[in-house]
Amino acid sequence: MEDLEPTPRTVVITGAGAGIGRACVAAFAARGDRLALIARGRAGLDAAEHEARLAGAAEVLTVETDIADAQAVERAARLTEEELGPIDVWVNTAFASGLAPFTGTTPEEFRRVTEVGYLGYVFATRAALARMLPRDNGVVVQVGSALAHRGVPLRSACSGAEHAVQGFNEVLRCELLASGTRVRTTTVQMPAGNTPRFDPVRSRLPDPAQPVPPIHRPEEAARAVLFAADHPKRREHRVGAGTVAGRVANAVAPGLLDRYLARTGYSARPARTGYSARPDGRGRRTGDPDKRFAPVGAGRDFGAYGRFEDRFDDRARDRSFRRRASRTLSGVAGGVRRAAGRVATGALSRIRRACAPRRPPGTEGVTMPPSTAPD
């Protein structure tokens, strides 16, 4: 029997102009879904729309919106349903980032990272649920990283925002389960990726920065998001062995991990191993793009990949062994559960027959009056 084609869905993607969000656009478009793309930069949105149509999206709507503005997010959600129909999936990938010690991060920078990386997710989730809950249908996918469970040096603002998203989403999941609704929320924790995150990021490091290896390609992240949208009952999906290892180490020996990161957290960030984030090997120059307070994608398309992918993309992993193993084990576990259910059903049936009242010998086929029936 041939597999049925998936029914097109209405999917909203925040942060759709670049990086993981941009890769998600191609992944959902290939399914033939109707896409609403939300980002601040017009150039990135236009390029994402073009790619989505080429990939096979049924319809594409672009909305220039800052998700840190709750009213603007609400307008974007309303426009999406007016143009594309009821929202089935909402994917949050937008973020604001920075690389600096805690004492070198200004209050304004902390506020902006929190507004985008935490409150933006809250506002977007509220806009999605306002439409999904009355229909008793829908999925919200929160895209985060290992920072949701383990803070690392030079990322105090980002780590705080991602911890906050993890906390609010855990509460939301419990409340949805308690209400009995079929609406679900799930998270996808990402490893380091070869995305434009380190191109327009504000950095106060003496050397240019790079993702901490092992590095994964954005397409792998997008496949994980697509899988999460199709399997929202799982509370969390993790991509990359490093994501899992960091969480396990933090649970087993957090003090030891503190000391390890204190020794390696700085040296792991700068690109001193020949994989420079700039071809001339220098750090950020005055006038380089900085996406924290202004949309650098307004006049330039950054795409899904980092600018200098040739510098470390050969180290980027196209497929996560951990994610593939998780999907395989999920199927195996489902088969085991079904087999166990059949065994339990058969055993229960045999027990019932063994415990059923037995007729005295020679009375087979004879209807006995109630008063003489054996106990």
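Residues numbered from 1 in each chain as written. Predicted model: local features only at pLDDT ≥ 70, side-chain atom pairs only at ≥ 80, totals over all residues. Heavy atoms only, no water.

Peer 1: I'd like to hear about the environment of Ile 87, residue by residue, with values.
Peer 2: Tracing the sequence through the fold places Ile 87 in the loop between helix H3 (70–84) and strand E4 (89–92). With a relative accessible area of 0%, Ile 87 lands in the buried category. Sequence separation of Ile 87 and Leu 35 is 52 residues, and the distance between their C-alpha atoms is 9.6 Å. Residues within four places of Ile 87 in sequence aside, it is in contact with Thr 10, Val 12, Ala 77, Thr 80, Glu 81, Arg 131, Met 132 and Arg 135. (Helix = DSSP H or I, 4+ residues; strand = E, 2+ residues; numbered from the N terminus. Buried < 20%, exposed > 50% of the residue type's maximum accessible area, 1.4 Å probe, protein only. Contact = heavy atoms within 4.5 Å.)

Peer 1: Describe the packing of H3 against helix H4 (residues 107–135), listing the residues and the values that go with them.
Peer 2: Axes are the key here: two packed helices are described by the angle between their axes and the distance separating the axes. Relative orientation of the contacting elements H3 and H4 amounts to 40°, with a least axis distance of 8 Å. Judged by the angle between their axes, H3 and H4 are oblique. As for how H3 packs across H4, the hand of that crossing is right-handed. Counted together, Ala 70, Val 73, Glu 74, Ala 77, Arg 78 and Glu 81 of H3 and Phe 123, Ala 124, Ala 127, Arg 131 and Arg 135 of H4 form the full contact between these two elements. When its residues are assigned to classes, the contact of H3 with H4 shows six nonpolar, no polar and five charged. (Axes fitted to C-alpha atoms, helices over the stretch in contact; angles between N-to-C directions. Parallel < 35°, antiparallel > 145°, perpendicular 65-115°, else oblique. Left-handed = near helix turned anticlockwise from the far one by under 90°. Nonpolar A, V, L, I, M, F, W, Y, C, P; charged D, E, K, R; others polar.)

Peer 1: Give a detailed account of the side chain of Thr 105, specifying residues and quantitative values.
Peer 2: Tracing the backbone shows Thr 105 in the loop between strand E5 (98–99) and H4. A polar side-chain atom of Thr 105 sits 3.0 Å from the main-chain carbonyl oxygen of Pro 101. (Polar contact = N/O pair within 3.5 Å; in protein donor to acceptor, adjacent residues only side chain to side chain.)

Peer 1: I'd love a proper account of the nonpolar core, names of residues and values included.
Peer 2: Among the nonpolar cores identified, the biggest contains 33 residues, and Ile 13, Phe 28, Leu 35, Leu 37, Val 91, Val 141 and Met 190 are the most heavily contacted of them. Of all the elements in the fold, those that place two or more residues in this core are strand E1 (10–14), helix H1 (19–29), strand E2 (34–39), helix H2 (42–55), E4, strand E6 (139–145), strand E7 (184–190) and helix H6 (218–230). Residue contacts for Phe 28: discarding those within four places in its chain leaves Arg 9, Val 11, Ile 13, Asp 33, Leu 35, Val 91, Val 225, Leu 226 and Ala 229. One finds Ala 36, Tyr 121, Val 122 and Leu 129 within the second-largest nonpolar core, a separate group that totals 26 residues. (Core = buried A, V, L, I, M, F, W, Y, C linked by side-chain atoms within 4.5 Å.)

Peer 1: If you had to explain the confidence of the model for the protein to someone new, which residues and values would you point to?
Peer 2: Per-residue confidence for the protein gives a mean pLDDT of 78, with 64% of residues at or over 70. Low pLDDT, under 50, characterises residues 320–334; the stretch is placed with 18 contacts to residues that sit more than four places away or in other chains. (pLDDT = per-residue confidence, 0-100.)

Peer 1: I'd like a description of the packing of H1 against H2, backed by residues and values.
Peer 2: Direction vectors running N to C along H1 and H2 enclose 25°, while the axes themselves pass 8 Å from each other. With respect to H2, the axis of H1 lies roughly parallel. The crossing of H1 and H2 is right-handed. Between H1, through Arg 22, Val 25, Ala 26 and Ala 29, and H2, the contact on the second element is made entirely by Gly 44, Ala 47, Ala 48, Glu 51, Ala 52 and Ala 55. Counted by class, the contact of H1 with H2 contains seven nonpolar, one polar and two charged residues.

Peer 1: So what's going on with unusual backbone geometry? Which residues, and what values?
Peer 2: Residue Asp 136 is not a glycine yet carries a positive backbone phi of 60°. Following the sequence through the fold, Asp 136 ends up in the loop between H4 and E6. We note that Leu 154 has phi near 75°; this positive angle belongs to a residue other than glycine. Residue placement: Leu 154 occurs in the loop between E6 and helix H5 (156–179).

Peer 1: Which residues make up the side chain of Thr 14, and what are the values?
Peer 2: Mapping Thr 14 onto the fold places it in strand E1. The exposure class assigned to Thr 14 is buried, which follows from its relative accessible area of 0%. Those residues within four positions of Thr 14 in sequence are excluded, and the remaining contacts are Ile 38, Ile 67, Trp 90, Val 91, Asn 92, Thr 93 and Ala 94.

Peer 1: Residue-level account of the sheet that holds E2, with values.
Peer 2: Judged by pairing direction, the sheet is parallel, and its seven strands sit side by side in the order E3-E2-E1-E4-E6-E7-E10 without closing on themselves. Only two strands of the sheet have a single neighbouring strand rather than two, namely strand E3 (59–64) and strand E10 (236–238). Looking at each pair of strands side by side, their axes are set apart by 15° on average, direction ignored. Pairing geometry for E2 and E3, over six bridges, is parallel. Bridging across to E3, Arg 34 finds its partner in Glu 59. The strands touched by H6 are E4, E6, E7 and E10; relative to E7, the strand with the most contacts, the crossing angle is about 160°. (Pairing = 2+ DSSP bridges.)

Peer 1: Give a detailed account of the pairing of E7, specifying residues and quantitative values.
Peer 2: Among the seven residues of E7, seven are classified as buried, and the element is accordingly described as predominantly covered. Neither face of E7 is open: one carries Arg 184, Thr 186, Val 188 and Met 190, the other Thr 185, Thr 187 and Gln 189, and all of them are buried. Sheet topology note: the E6/E7 ladder contains seven bridges and is parallel. Bridging from a neighbouring strand, Gln 142 pairs with Thr 187 of E7.

Peer 1: Go over the packing of aromatic side chains, please, and point to the residues and values.
Peer 2: Any two aromatic rings considered together are summarised by their centre-to-centre distance and by the angle between their planes. Under the definition given, this model contains two aromatic pairs. When the ring of Phe 102 is compared with that of Phe 110, the centres are 5.6 Å apart and the planes differ by 70°; the resulting orientation is edge-to-face. With a relative accessible area of 58%, Phe 102 lands in the exposed category. Seen from their ring centres, Tyr 118 and Phe 168 are 6.2 Å apart, and the 65° between their planes marks the pair as edge-to-face. With Tyr 118 in helix H4 and Phe 168 in helix H5, the pair connects residues that are 50 residues apart, well separated along the chain. (Phe/Tyr/Trp six-rings, centres within 6.5 Å; stacked < 30°, edge-to-face > 60°.)

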